[in-house]
2 protein chains.
Amino acid sequence: MQKQCGAQSIKFENPPVIISGAAVVGPKEGEGPLAKYFDEISSDILFGQSSWEQAESEMVRKGIELAVQKANLTMDQIRYILAGDLLNQGTGSTFGVRSLNRPFFGLFGACSTMGEAMSLGSILIDGGYADYVVSAASSHFCGAEKTFRFPLELGGQRAPTAGWTVTGDGAIVLAKEGDGPRVTAITTGKIIDMGIKDVNNMGAAMAPAAADVMVAHFRDLGISADYYDQIVTGDLGHVGSELLIQLMEKEGYDVSKNSTDCGIEIFDATKQNTLAGGSGCGCSAVTMAGYLLHKLRKKEINKLLFIPTGAMHSVVTAQQGESIPGMAHAVAIENM
Amino acid sequence: MQKQCGAQSIKFENPPVIISGAAVVGPKEGEGPLAKYFDEISSDILFGQSSWEQAESEMVRKGIELAVQKANLTMDQIRYILAGDLLNQGTGSTFGVRSLNRPFFGLFGACSTMGEAMSLGSILIDGGYADYVVSAASSHFCGAEKTFRFPLELGGQRAPTAGWTVTGDGAIVLAKEGDGPRVTAITTGKIIDMGIKDVNNMGAAMAPAAADVMVAHFRDLGISADYYDQIVTGDLGHVGSELLIQLMEKEGYDVSKNSTDCGIEIFDATKQNTLAGGSGCGCSAVTMAGYLLHKLRKKEINKLLFIPTGAMHSVVTAQQGESIPGMAHAVAIENM
């Protein structure tokens, strides 16, 4: 069997099994519609630490340890940890895995990181390079606001197109054997930049990247949009998701019936005042490791296309007047 | 043949070939001892751009395009680009590859990034997931000073243990077939943090990670230190390299005869006032893609252990009083 599939996809010969997942989230996520799918909801946004950055690393450690524990494994059975986050120099992940003593690949795909971690993790399993890997991604609302926007104390007004960064770490364990849904294919995204410069509308900046990788996925695998029970994008939110449906329609695909977005699912936008919806690396990661994995296991979804999306900019590039490059990675997960 | 080798290494069944490499550097690197091995030396630290960040992205684009051109390939034959840098949210790489229209995996391993990019790139080739990939890493002196230290205009005095961030992008093309040295094995590093907090002495923070991965490599492959003609670490510089030799001696390995460091080789510390030596993701990347690849091709080195090293901290973690986690990835490259 040919592993390379079309121009930018891989179909796995030995589809890796998602044998466990863990989602550790903050208080606001614990008040949202997906609360019952999360493993641990902290009532303390600081997770007992003294800074937001330390809080994120603590979530990362907890999420990974819990996923490994739920897989009935010990940490030393994990061949690789692949993880990333939004903080400068990825310190949420680095400091989070510091005590775990495992070989580590640090990733940066902005909010598409969970897709990247699952893609590379699946390659490591499928290729026989590892028996077990952990793929993880995290974000922290306060850490992200501090990194990208304004001091929280300022209490600035938010734009209606702005997302709300999820506080959470999602971690999954991929294995060569076991019970669970399997990663059957991946499509790796390209940087797509349509010139959007509004940092308060990242859904619009990322939607073209999601459309691009989705079209590539369908084309490479020779399937149509209705092959999947659900197509779940990363964190386009309400604004970006509408754009995505329009962009896909232009390409001749109707995804209006079977697509949704982690940023839409994770919060009740009206009751929780989260505007365009959830965002951040943690948004798609906890939705995957909690909610979507549950639905796959219960066979409520049997064929899922998971497409975390990322806005690959920084404060410096935005201040220099640069546009926001979008990224998205597609991961096909199926009950077999 | 078993791909997994020992606790944290891989021995490749189909060792990927380094079919080309390109190094694009700034003016200071062009005045150093390795100048003749670099493909392009810019006399303009801005590379014709209007900011240091844009300059870095321009280097990235040039380096990757040149490596692909030297391999007699077109960009669309490259299945994946794997790259990373030191800037917040890895924008040096993202904006650099934006126009190249290739599937992209963004990485963060601080100055160990070239080791990570070559490790994952080699897995993609060995496993049959790609015929050609580009592995690249970059840094820019001015961008790094701005990100991590003080405004250049301040003209602050530098500590004798401080490194000098290399301005450069190093890119290599890995292929399943062709002429050139081959990546025969990799050992993936763990985060090693010995509690060093001095951001002006990153050699000391990284040396234990280099020692840890080197010992793991020798142990996993069942070889001794003299198996390699040369062991070349990433950017420990003069201070870190001395520590590494001492740490390895404690572990029972004598690497005093056959080891050196990219940070030592790239500058003439006395004449160029570069203190502890070169550093930054670009340091090991351009030394590999330029100088070391040349030596391998000329058979002046036949067995090389390349170990880029990284300090996985940020300004925020340093200001919060955290220590500096070290990282190192070992890549064995041999003429076969």
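Basis of the calculations
Residues numbered from 1 in each chain as written. Chains lettered and ligands numbered in written order. Predicted model: local features only at pLDDT ≥ 70, side-chain atom pairs only at ≥ 80, totals over all residues. Heavy atoms only, no water. Least-squares fit on C-alpha atoms with pLDDT ≥ 70 in both. Contact = heavy atoms within 4.5 Å. Salt bridge = Lys/Arg side-chain N within 4 Å of Asp/Glu carboxyl O. Helix = DSSP H or I, 4+ residues; strand = E, 2+ residues; numbered from the N terminus. Buried < 20%, exposed > 50% of the residue type's maximum accessible area, 1.4 Å probe, protein only. Disulfide = S-S within 2.5 Å. Core = buried A, V, L, I, M, F, W, Y, C linked by side-chain atoms within 4.5 Å. Domains from an automatic or database assignment. Buried area = accessible area lost by both parts, 1.4 Å probe. Polar contact = N/O pair within 3.5 Å; in protein donor to acceptor, adjacent residues only side chain to side chain.

Draft legend 1. Looking closely at the relation of the copies chain B and chain A. Rotating chain B by 180° and moving it 0.0 Å along the rotation axis overlays it on chain A with an RMSD of 0.0 Å. Taken together, the rotation angle and the small translation identify this as a two-fold axis. Here 100% of the contact residues of chain B are again contact residues in chain A; the copies associate through an equivalent surface.

Draft legend 2. How the structure looks around the pattern of salt bridges. Applying the stated rule across the entire model yields 30 salt bridges over all chains. One salt bridge connects R158(B) with E145(B), and the closest N-O pair in it is separated by 3.2 Å. In this pair, R158(B) is assigned in the loop between α4 (141-148) and β8 (164-165) and E145(B) in helix α4, connecting sequence segments 13 residues apart. According to the relative accessible area criterion, E145(B) is buried, its value standing at 5%. Each member of the salt-bridge network shares a partner with another, and the members are E58(A), R61(A) and E65(A).

Draft legend 3. How the structure looks around the environment of L87(A). Take L87(A): it is sitting in the loop between β5 (80-84) and α2 (91-97). Since its relative accessible area comes to 7%, L87(A) is described here as buried.

Draft legend 4. Quick peek at the state of the cysteines. Overall, the coordinates contain 0 disulfides over all chains when judged by the stated rule. The thiol sulfur of C142(A) is not disulfide-bonded, and the nearest other cysteine sulfur, from C281(A), lies at 16 Å.

Draft legend 5. Just the nonpolar core, in detail. The biggest cluster of nonpolar side chains holds 170 residues, and the ones touching the most others in it are I64(A), F306(A), I333(A), I64(B), F306(B) and I333(B). Apart from residues no more than four positions distant in its own chain, I333(A) is found in contact with I18(A), M118(A), P181(A), R182(A), V183(A), T184(A), M288(A), L296(A), N302(A), K303(A), L304(A) and F306(A).

Draft legend 6. Examining the domain arrangement of chain A more closely. Residues and elements named next belong to chain A. Considered domain by domain, chain A is made up of domain 1 (4-175) and domain 2 (182-334). Domain 1 and domain 2 are separated by 17 Å when their C-alpha centres are compared. Contact with domain 1, which involves 63 residues of that partner, is made by 60 residues of domain 2. Note on domain 1 versus domain 2: buried area summed over both sides is about 4700 Å², and carbon and sulfur give 66% of it. Three residues stand out in domain 1 for area buried against domain 2, namely Q8, Y37 and C111, and they jointly supply 15% of the buried area on that side. Here domain 1 is connected to domain 2 by 0 salt bridges. Run the count over domain 1 and domain 2 and you get 20 residue pairs in polar contact (both at pLDDT 80 or more). At the level of elements, β2 (9-11), β3 (17-25), α3 (113-126), β7 (132-139), α4 (141-148), β8 (164-165) and β9 (168-175) are the ones that each hand at least two residues to the side of domain 1 that touches domain 2. A total of 9 residues in the side of domain 1 that touches domain 2 trace back to one element, the largest contributor, which is β3.

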